[in-house]
Amino acid sequence: MPSKKREHPKEKVELHKRNKHRNRYNFKELIKTCPELTSFVAPNKYGDESINFFNPEAVKMLNKALLQHYYGIDYWDVPKGYLCPPIPGRADYIHYIADLLAAKYDGDIPKGKKIVCLDVGVGANCVYPIIGNKEYGWSFVGTDIDEVAVNSATKIVEENKSLSSNVTIRLQENKRNFFQGIIKSNEKIDVTICNPPFHASAADAMASTRRKVKNLTNKKVAKPVLNFGGQSNELWCKGGELKFVQDMIYESRKFGASCLWFTTLISKESNLNTIYKLLEKVNAVEVKTQYMGQGNKISRIVAWTFLEEKQHKEWVG
């Protein structure tokens, strides 16, 4: 006997107004597009059709269905254990980046392959290039330090005609670099995006997952399964998010003339003051912060540029 049916808001108003995922998942429509999803969908305790979000295979199949249904992707897969990110949050980042670019184009969102976006840490899933290309027609350069991730992202690009002429995947051979060895001489990048590793160690990542499972289920689990997956370099790095972003900011100075905007997600609000001070130290000309909300989680995008207003106008023509 299901629990009393919950009342759901008609829209997830915390998501960006152009986000295709503001409404609840329509599993009937998703199954029409992706029949493989069928076996993972069942009524939850409230009687609503849903999937088991603690099951990595179910989450992966939901992502595949969403990418097929909303973004016209023919082929999509990720190797076992690699990050399988929530699609609505990834879409939000792309839409806010479109707003950031529009501010320099008299309020009009620039579209088409002439806009080049560099995804630092594209991952095996290649989700940001998929959404950005489908929504706005942008070109993408996706980079990663993991050869398996690069091979997976490359296969996704090659198997989808809509991506094959608009997305390039490059292996970052030096794990300490972000842009060096990736941005080519005379190459112009309109915006960089990045979802940094959040945790400072594998132990921190596991402890965080335990807390999340306990909060959602009220049960203690010694070795929880990462429902969204993730390799070590996707989830944590020495020094955590703050050290990662600091290193990125320092390196971005060398490419200040090659890029209109640098951006990154910041999960921990406590990191912002340190990041702002560093951006002032490296003489960033303009810094912007955009808050985003997905459910109970709040994150933010920090964007910076080394170009003066006159250079911005020359850039956009």
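Up top is the structure.
Owing to the predicted nature of the structure, the values given are computational and were not obtained by experimental measurement.

Undergrad: Break down the environment of I94 for me, citing the residues and quoting the values.
TA: By the element assignment, I94 lies in helix 3 (residues 87–102). With a relative accessible area of 0%, I94 lands in the buried category. It is 9.3 Å that separates the C-alpha atoms of I94 and N19, two residues lying 75 residues apart in sequence.

Undergrad: Talk me through the sheet that holds strand 4 (residues 139–144); I want residue IDs and the actual numbers.
TA: Read from one edge of the open sheet, 7 strands run 5-4-3-6-7-9-8, paired in mixed fashion. Where the open sheet ends on each side, the last strands, each with one partner, are strand 5 (167–171) and strand 8 (286–294). Ignoring which end each strand starts from, the neighbouring axes of this sheet average 20° apart. Sheet analysis places strand 7 (residues 259–266) next to strand 9 (residues 297–305), joined by 5 bridges and oriented antiparallel. By the bridge assignment, T264 is partnered in strand 9 with V302. Contacts from helix 4 (residues 127–136) reach strand 3 (116–120), strand 4, strand 5, strand 6 (189–194) and strand 7, with the element oriented near 175° to strand 4. Relative to strand 9, helix 10 (residues 272–281) is tilted by about 5°, and along the sheet it contacts strand 7, strand 8 and strand 9.

Undergrad: Provide a residue-level description of the packing of helix 2 (residues 56–71) against helix 4, including the pertinent values.
TA: Packed helices, taken two at a time, are described by the angle between their axes plus the distance between the axes. One way to put it is that helix 2 packs onto helix 4 with a least axis distance of 11 Å and a crossing angle of 15°. The pairing of helix 2 with helix 4 is recorded here as roughly parallel in orientation. Seen along the crossing, helix 2 lies across helix 4 with a hand that is left-handed. Only V127, I130, I131, K134 and E135 of helix 4 make contact with helix 2, whose side of the interface consists of L67, Y70 and Y71. When the residues that make up the contact of helix 2 with helix 4 are grouped by side-chain class, the tally is 6 nonpolar, no polar and 2 charged.

Undergrad: Describe in detail the nonpolar core, supporting the description with residues and values.
TA: Counting residues in each nonpolar core, the largest one holds 59 residues, and the members touching the most others are L37, W76 and W138. Here the element with the most residues in this core is helix 3; it accounts for 9 residues. The contacts of L37, once residues within four sequence positions are left out, are F27, L30, I31, I51, M61, L62 and A65.

Undergrad: Requested: an account of the pattern of salt bridges, with residues and values cited.
TA: Where charged atoms from two side chains of opposite charge come close, those side chains can pair. Summed over all chains, the structure comprises 13 salt bridges. Ionic pairing is found between E269 and R300, a salt bridge with its closest N-O pair at 4.0 Å. With a gap of 31 residues between them, E269 in the loop between strand 7 and helix 10 and R300 in strand 9 connect regions that are remote in the sequence. Judged by its relative accessible area of 47%, E269 falls in the partly exposed class. Overall, the relative accessible area of 3% leaves R300 in the buried class. Look at the salt bridges and you will find they share partners, linking K104, E286, K288 and E309 into a network.

Undergrad: Would you mind going over the side chain of D119 in detail, with residue names and values included?
TA: Within the secondary structure, D119 is located in strand 3. Buried and unpaired, D119 has R90 as its nearest opposite-charge partner, separated by 7.5 Å. Excluding anything up to four places from it in sequence, D119 contacts Y128, P129, V141, G142, T143 and I193.

Undergrad: Explain the pairing of strand 9 to me, and be specific about the residues and the numbers.
TA: Burial analysis of strand 9 places 7 of its 9 residues in the buried class, the great majority of the element. With 9 bridges connecting them, strand 8 and strand 9 associate as antiparallel partners. Its bridge partner being in strand 9, T289 is matched across the sheet by V302.

Undergrad: Please give an account of the side chain of E187 that cites residues and values.
TA: One can find E187 in the loop between strand 5 and strand 6. E187 sits in the buried class, given a relative accessible area of 17%. Of note is the side chain of E187, whose polar atom sits 2.9 Å from the backbone nitrogen of K184.

Undergrad: Please set out unusual backbone geometry residue by residue, giving values where relevant.
TA: Positive phi values are uncommon outside glycine, yet N186 reaches one of about 70°. By the secondary structure assignment, N186 is in the loop between strand 5 and strand 6. A relative accessible area of 76% places N186 in the exposed class. The phi torsion at N283 lies on the positive side, around 65°, for a residue other than glycine.

Definitions and limits used
- Residues numbered from 1 in each chain as written.
- Predicted model: local features only at pLDDT ≥ 70, side-chain atom pairs only at ≥ 80, totals over all residues.
- Heavy atoms only, no water.
- Helix = DSSP H or I, 4+ residues; strand = E, 2+ residues; numbered from the N terminus.
- Buried < 20%, exposed > 50% of the residue type's maximum accessible area, 1.4 Å probe, protein only.
- Pairing = 2+ DSSP bridges.
- Axes fitted to C-alpha atoms, helices over the stretch in contact; angles between N-to-C directions.
- Contact = heavy atoms within 4.5 Å.
- Parallel < 35°, antiparallel > 145°, perpendicular 65-115°, else oblique.
- Left-handed = near helix turned anticlockwise from the far one by under 90°.
- Nonpolar A, V, L, I, M, F, W, Y, C, P; charged D, E, K, R; others polar.
- Core = buried A, V, L, I, M, F, W, Y, C linked by side-chain atoms within 4.5 Å.
- Salt bridge = Lys/Arg side-chain N within 4 Å of Asp/Glu carboxyl O.
- Lys, Arg positive; Asp, Glu negative; His and termini not counted.
- Polar contact = N/O pair within 3.5 Å; in protein donor to acceptor, adjacent residues only side chain to side chain.

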